[in-house]
Amino acid sequence: MNPKVECTQAEYFGRKSVIMSNDKIRTVVENQGGMVPEFSLRLGKGGINAHWVPDFRENSGAPWSEKQKKYWKSHILYVLAGDFPCMPNFGPDCVIDGVEMPSHGWAANEKWNLLSAKTTGEGETAIAHFGLESPDNRMPLSFEKYDIVVAGQPAYYSVMKIRNKGDKPILINVTRHNTLGSQFLQKGCRIFLSADRFMTSPMGTEFDGTGRLAQGAEFDSLEKVPLRAGGFADISVVPGMVGATDFVTGAISKDRNLGWSCVVNPALNLAYVAFFPGCKGLVGDEIALGFNDLWLQYGGRDFTPWSFNEGGADRTFCLGTENAVGAFANGLPYSREHPELLGNPTLVNIPAQGQRTLCYGVALAKFDPSLAAGSVSDIESDAGSMIIKGDGRSQRVPVDASFESIRSLVKAQG
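Each value, and the rule that gives it
Residues numbered from 1 in each chain as written. Predicted model: local features only at pLDDT ≥ 70, side-chain atom pairs only at ≥ 80, totals over all residues. Heavy atoms only, no water. Helix = DSSP H or I, 4+ residues; strand = E, 2+ residues; numbered from the N terminus. Rg over C-alpha atoms; globule rule 2.2 N^0.38 Å. Buried < 20%, exposed > 50% of the residue type's maximum accessible area, 1.4 Å probe, protein only. Areas by Shrake-Rupley, 256 points an atom, 1.4 Å probe, with all protein chains shown as cover. Lys, Arg positive; Asp, Glu negative; His and termini not counted. Charge placed at Lys NZ, Arg CZ, Asp CG, Glu CD. Pairing = 2+ DSSP bridges. Axes fitted to C-alpha atoms, helices over the stretch in contact; angles between N-to-C directions. Salt bridge = Lys/Arg side-chain N within 4 Å of Asp/Glu carboxyl O. Core = buried A, V, L, I, M, F, W, Y, C linked by side-chain atoms within 4.5 Å. Contact = heavy atoms within 4.5 Å. Phe/Tyr/Trp six-rings, centres within 6.5 Å; stacked < 30°, edge-to-face > 60°. Polar contact = N/O pair within 3.5 Å; in protein donor to acceptor, adjacent residues only side chain to side chain.

Draft legend 1. Spatial organisation of the overall build of the chain. The helix and strand inventory of the chain stands at 6 helices and 32 strands. Against the 2.2 N^0.38 benchmark of 22 Å for 414 residues, the chain shows a C-alpha radius of gyration of 20 Å, consistent with a compact globule. Dimensions of the chain, computed from the C-alpha atoms along their principal axes, are close to 60 × 55 × 45 Å. Each of the 414 residues in the chain was classed as buried or not, and the buried ones make up 61%. Accessible surface computed for the chain: about 15800 Å², of which carbon and sulfur atoms make up 50%. Positive and negative side-chain charges of the chain, numbering 40 and 45 respectively, have mean locations separated by a distance of 3 Å.

Draft legend 2. Geometry of the sheet that holds strand 32 (residues 393-397). Ordered in space as 30-31-32, the 3 strands form an open sheet in which the pairing is antiparallel. Unpaired on one side and paired on the other, strand 30 (378-382) and strand 32 mark the two borders of the sheet. Strand after strand, the sheet turns through a mean of 25° between neighbouring axes, direction not considered. As paired elements, strand 30 and strand 31 (residues 385-390) share 5 bridges and run antiparallel to each other. Paired with Ile379 across the strands is Ile388, a residue of strand 31.

Draft legend 3. Representation of the pattern of salt bridges within the structure. As enumerated under the stated definition, the model contains 18 salt bridges in all. The shortest N-O distance in the salt bridge between Arg26 and Glu38 comes to 2.8 Å. On the criterion of sequence distance, the pair formed by Arg26 in strand 3 (residues 25-30) and Glu38 in strand 4 (residues 38-43) is long-range, its members being 12 residues apart. For the salt bridge of Arg163 with Glu144, the shortest nitrogen-to-oxygen distance reads 2.8 Å. Placement of the pair is Arg163 in strand 12 (residues 155-164) and Glu144 in strand 11 (residues 141-150), with a sequence separation of 19 residues.

Draft legend 4. Expanded view of the nonpolar core. Grouped together as the largest cluster of nonpolar side chains are 72 residues, with contacts concentrated most on Ile162, Val174, Ile191, Ile235, Tyr272 and Leu319. Residue contacts for Leu319: discarding those within four places in its chain leaves Asn178, Thr179, Leu180, Leu185, Ile191, Val238, Val263, Trp295, Leu296 and Tyr298.

Draft legend 5. Representation of the sheet that holds strand 12. The antiparallel open sheet is built from 8 strands, whose spatial order is 9-10-11-12-29-23-22-16. If you trace the sheet from one side to the other, it starts and ends with strand 9 (113-120) and strand 16 (190-193), each paired once. Direction aside, neighbouring strands of the sheet carry axes that sit 15° apart on average. Pairing analysis gives 8 bridges linking strand 22 (residues 258-265) to strand 23 (residues 270-277), with the strands arranged antiparallel. The residue bridging Val264 from the neighbouring strand is Ala271, located in strand 23. Where helix 6 (residues 404-412) meets the sheet, its contacts fall on strand 9, strand 10 (125-133), strand 11, strand 12, strand 23 and strand 29 (355-366), and the angle it forms with strand 11 comes to roughly 120°.

Draft legend 6. The arrangement of the environment of Leu141 in detail. Position of Leu141 among the secondary structure elements: in strand 11. Judged by relative accessible area, which is 1%, Leu141 ranks as buried. The spacing of Leu141 and Asn109 is 32 residues in sequence and 15 Å in space, taken between C-alpha atoms. Ignoring anything within four residues of it in the chain, the contact list for Leu141 reads Pro88, Glu133, Ser134, Ile162, Arg163, Asn164, Ile170, Ile172 and Ile350.

Draft legend 7. Layout of the environment of Trp306. Along the chain, the position of Trp306 falls in the loop between strand 24 (291-298) and strand 25 (317-325). On the basis of relative accessibility, which here comes to 5%, the residue Trp306 falls in the buried class. Measuring from C-alpha to C-alpha, the distance between Trp306 and Asp55 comes to 9.2 Å, with 251 residues separating the pair along the chain. Discounting chain neighbours no more than four positions away, the residues touching Trp306 are Trp52, Phe56, Leu77, Trp295, Gln297, Arg301, Ala313, Asp314, Arg315 and Thr316.

Draft legend 8. Representation of the packing of aromatic side chains within the structure. Applying the stated criterion across every chain, the model contains 21 aromatic pairs. Plain terms: the ring middles of Phe39 and Tyr272 are 6.3 Å apart, the flat faces sit at 70° to each other, and that makes the pair edge-to-face. On the criterion of sequence distance, the pair formed by Phe39 in strand 4 and Tyr272 in strand 23 is long-range, its members being 233 residues apart. In this pair, the class of Phe39 matches that of Tyr272, namely buried. A centroid spacing of 5.4 Å and a plane angle of 35° characterise the contact between Phe275 and Phe403, whose relative ring orientation is tilted. Here Phe275 is found in strand 23, whereas its partner Phe403 is found in the loop between strand 32 and helix 6, with 128 residues between them in sequence. Assigned by exposure class, Phe275 and Phe403 land together as buried.

Draft legend 9. Fine view of the side chain of Asn344. Relative to the helices and strands, Asn344 is located in strand 27 (residues 344-345). Residue classification places Asn344 among the buried residues on the basis of a relative accessible area of 3%. Among the polar contacts listed, one links the side chain of Asn344 to the side chain of Lys254, at a separation of 3.0 Å. The residues contacting Asn344, other than those within four sequence positions of it, are Arg197, Ala251, Ile252, Lys254, Gly290, Phe291 and Pro339.

Functional significance is not addressed by these values, which are geometric in nature.
This is the structure in structure tokens:
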């Protein structure tokens, strides 16, 4: 029998949180913004946290106030960490449908209400159930989220339900914003994506003054991306601090059953995998995330809070492996103006009095050294497992990439 899971309520960085764990991993979900600041692989009495926790994050849990805006610039940077949902906006502050919308939306900024936190199935599963209501009835959305850890699986799952209580359909962005930090992220890590067509952010974004990659460029391989100064860069390999921050989006084929992104640390023989149903793997009202997005934060932001003062050195090294329905990270108004990008939709339609659902998972897998040293060509679901393929080899990971057991578990919650 697999060792049991644990599910406890606690404070983490001064914020109310649910901590879920098994014998392989530990994950922390905060009520503030649904942030997941820790997803760690157990190692002795400690562990390796794959998620980024900014050194500029406010750790006391003190509430945000406008006087803090001079340094942090926006509320999201005050609470930012690890993995979190971005809904109904993915991008900067904006006004949409007459509503003032914060950067990355209410899901990333508001406090979620913890509805329950428990173990089920004789301690085989930990489930934290959260809810969030729109703070503005001009966009009458409600959000529900089940965060799940299962005994014996090096993963956590999220099932998010988005309801429209109004009498008109609402077009929104839906994103999970995974960000890796330096306990896991190192120079030489390798990036692999399920997308097969790519584009850098166009001119007129927050990356205008920070990037090294050519703007608005299209390409079909991360290994040869044009630079602004001429020549090319292989962005599939993490270079370390190079004094630049860029954004790349990749379109995922509609023919896929499973969408995924994977970062391999060959020194630690670990793989961080985000996975979700592709267009051909959807059930019922589910959403397919059509884009793998890369936020390549390797320096280049000489302003606070990324540097200690305006004009200072950017000290921030992290990698966003985000998975989205959105046009780059340019915000909901931009997506509505550009409803398609690289052949994929940039918006999710939440029907009047209707609901859409997103299934999402994140795994931290120990890799065979020979596979970790090579390339990942594909990731598939098979018989309740995840199969990672590459260089003529494959590895089976005990993770339900089909989401069949997770869907059944959530359905049983009523």
